[in-house]
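If you want the building blocks of each chain, they are given just below.
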Amino acid sequence: MEQRSITFIGAGNMARSIIAGLVASGYPANKITATAPSEARREPLARDYGIHTDADNLRAAQQADVIVLAVKPQLMESVCHALQDIDFSNKLVISIAAGISASRLNEMLNTELNLVRVMPNTPSLIGKGMSGLFASQSVSENDKVYAEQLMQAVGEACWVQQESGINGVIAAAGSAPAYFFLFMEAMQKEAIKQGFDADTARLLVQQSALGAAELVKANPETELSTLREQVTSKGGTTAEAIRTFNEHQLSDIVAKAMRAAVSRAEEMEKLF
Ligand SMILES: NC(=O)C1=CN([C@@H]2O[C@H](COP(=O)(O)OP(=O)(O)OC[C@H]3O[C@@H](n4cnc5c(N)ncnc54)[C@H](O)[C@@H]3O)[C@@H](O)[C@H]2O)C=CC1
Ligand SMILES: O=C(O)[C@@H]1CCC=N1
């Protein structure tokens, strides 16, 4: 892929995840800059990945070919305001923020950007990310290819044709690692109650989760329901566990939670 100079505005959890994945995939560290007001955020990134860091957003953004907006949605407006003097005509802007539309970002930066909205997730840190991408109409084919390859360097990527699809990606992927962590936390807690020490309980849960996910990936032709049925012996233990989940409407709970994530993204679009 092209190795353009890239500046992350905001050096938090998500920027760090992408930077780590990029550097591990061979993207040159000296082409990457990350900004944050606090030294405590910048220093570990410079130390761990050998990238440049800067406290000055304007300077760092000015010298980059690609600017990744990676601050919290609440801060986006004030951060963008200070970048308005930049000539964006030859730059690609990537926003990873949830709940901030392309038209709002154009407004905040006071220009019609070459903008790709990307919704990544934190497993990018280990090259296992899942990202959804949406490109504004003006984005060139070359920039689209670059954005896609950038996210493929840290995991899998898919495009959405409508901007609203980004909110669907949030529900199914951006926020999703937290759902699985919550589920695993609950399992670990109960395994501890059943007598395992915390480490063994974690091992039991993490290896089962990993094995299940790998099995899904290794069997793309097999429906998820079939994989579930292969574990569920008639009259056996799994059947009782699954019956209990169903009795408490696990599918409805999951659907409600995913819709709540979408609703919050829509609400944020009005707030910020
Ligand atoms: N954490 C996640 O799993 C995901 C987050 N996102 C999006 O990524 C964005 C960042 O989220 P996180 O990394 O989780 O937040 P975070 O709070 O970990 O990181 C935000 C960073 O911005 C920095 N910052 C604060 N003020 C700044 C300023 N004026 N200039 C430059 N940097 C500044 C902070 O030092 C902090 O390191 C959000 O817009 C969020 O919607 C998207 C997908 C997944
Ligand atoms: O919770 C959030 O708002 C961000 C977006 C997806 C994951 N974290």
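A quick note: this is a predicted structure, and the numbers were derived from the prediction, not measured. Numbering of residues begins from 1 in every chain and follows the order in which that chain's sequence is written. Going through the entries in the order they are written, you letter the chains from A and number the ligands from 1. Per-residue local features of the predicted model are confined to residues with pLDDT of at least 70, and side-chain atom pairs are confined, for both listing and counting, to 80 or more; whole-chain, interface and lining totals are unaffected and use all residues. Side-chain metrics rest on all non-hydrogen atoms present in the structure, leaving aside hydrogens and water.

Visitor: What am I meant to see in the site of ligand 2 here?
Guide: Contacts to ligand 2 come from A98, G174 and S175. If you map ligand 2 onto the pockets, it falls in the second largest pocket. Throughout this document, a residue counts as near a molecule or strand when at least one of its heavy atoms sits within 4 Å of that molecule or strand. Here a cavity means grid points, on a 1 Å grid over the protein atoms only, where a 1.4 Å probe fits yet cannot get out; a pocket means an open set of points with protein on both sides within 12 Å along at least five of seven lines; lining residues are those with an atom within 4 Å of a point. For a cavity or pocket, the test is whether more than half of a molecule's atoms lie within 2 Å of its grid points; if they do, the molecule sits there.

Visitor: Is there a simple way to think about the sheet that holds strand 4 (residues 66-69) in this case?
Guide: What holds strands together in a sheet is hydrogen bonding between their backbones, with the strands either parallel or antiparallel. For two strands to be treated as a pair, DSSP must find no fewer than two bridges joining them. Numbering goes from the N terminus for both helices and strands, where a helix is a DSSP run of H or I of at least four residues and a strand is a run of E of at least two. With mixed pairing, 8 strands are arranged side by side in an open sheet as 3-2-1-4-5-6-7-8. Every interior strand has two partners, whereas the edge strands, strand 3 (52-54) and strand 8 (155-159), have only one. Taking the axes of each pair of neighbouring strands and ignoring which way they run, one obtains an average angle of 25° across the sheet. Relative to strand 4, strand 1 (residues 6-9) is paired through 4 bridges, and the arrangement is parallel. Across the sheet, residue T7 finds its bridge partner in strand 4, namely I67. The axes used here are C-alpha line fits, helices contributing only the stretch in contact, and every angle between their N-to-C directions lies in the interval 0 to 180 degrees.

Visitor: Please clarify how the pattern of salt bridges should be interpreted in this entry.
Guide: Two side chains that carry opposite charge are able to pair once their charged atoms sit near each other. Counted as salt bridges are all cases of a side-chain nitrogen of Lys or Arg within 4 Å of a carboxyl oxygen of Asp or Glu. With the rule as written, the count across this model stands at 14 salt bridges. As a salt-bridge pair, R47 and E43 come within 3.2 Å of each other at their nearest N and O atoms. Pair noted here: R47 and E43 are both in helix 2 (residues 39-49), with a separation of 4 residues, about one helical turn. Judged by relative accessible area, E43 falls into the partly exposed class, the value being 34%. Linked by salt bridges that have partners in common, R16, E43, R47 and D48 make up one network. Exposure classes here rest on a 1.4 Å probe applied to the protein chains alone. A residue is buried below 20% of its type maximum, exposed above 50%, and partly exposed in between.

Visitor: Could you clarify how one ought to interpret the site of ligand 1 in this entry?
Guide: Ligand 1 sits among 22 residues. The nearest are N13, M14, N57, V71 and A98. In this structure, R41 approaches ligand 1 through a side-chain N or O atom, which is 3.3 Å from an oxygen atom. Between ligand 1 and the protein, one listed contact pairs a nitrogen atom with a side-chain N or O atom of N57 at 2.9 Å. When residues of the shell around ligand 1 are traced back to their parent elements, those giving at least two are helix 1 (13-24) and helix 4 (73-81). Broken down by element, the residue count for the shell around ligand 1 peaks at 3 residues, all from helix 4. A class-by-class count of the residues in the shell around ligand 1 yields 14 nonpolar, 6 polar and 2 charged. Distance and chemistry together define a polar contact, namely a pair of N or O atoms within 3.5 Å, with one atom able to donate a hydrogen and the other to accept it when in protein, and with adjacent residues in sequence counting only for side-chain atoms on both sides. Each residue receives one of three labels: charged for Asp, Glu, Lys and Arg, nonpolar for Ala, Val, Leu, Ile, Met, Phe, Trp, Tyr, Cys and Pro, and polar for the others, Gly being one of them.

Visitor: Before we go on, may I ask you to explain the pairing of strand 8 in this structure?
Guide: Across a regular strand the side chains alternate sides, sitting on one face of the sheet and then on the other. Of the strand pairs in this sheet, strand 7 (residues 129-135) and strand 8 are connected by 5 bridges, and their pairing is parallel. From the neighbouring strand, G129 faces strand 8, where its bridge partner is G155. Crossovers are marked right-handed if the path from the first strand over the helix to the second runs clockwise, as seen with the strands pointing away from the viewer. What joins strand 7 to strand 8 is helix 6 (residues 141-152), and the crossover it makes is right-handed.

Visitor: Looking at this structure, I do not really get helix 5 (residues 102-109). What am I missing?
Guide: Each full turn of the α-helix corresponds to 3.6 residues, which orients residues three or four apart in the same direction. Of all 8 residues in helix 5, 6 are buried, a share of seventy percent or more. Every buried residue belonging to helix 5 is among A102, R104, L105, N106, M108 and L109, and all of these are buried. Contact partners of the buried residues in helix 5: strand 4, helix 4, strand 5 (92-95) and strand 6 (114-119). N110 sits one or two positions beyond helix 5 and adopts a positive phi of about 60°. Contacts between residues were defined by any pair of non-hydrogen atoms, one from each residue, lying within 4.5 Å.

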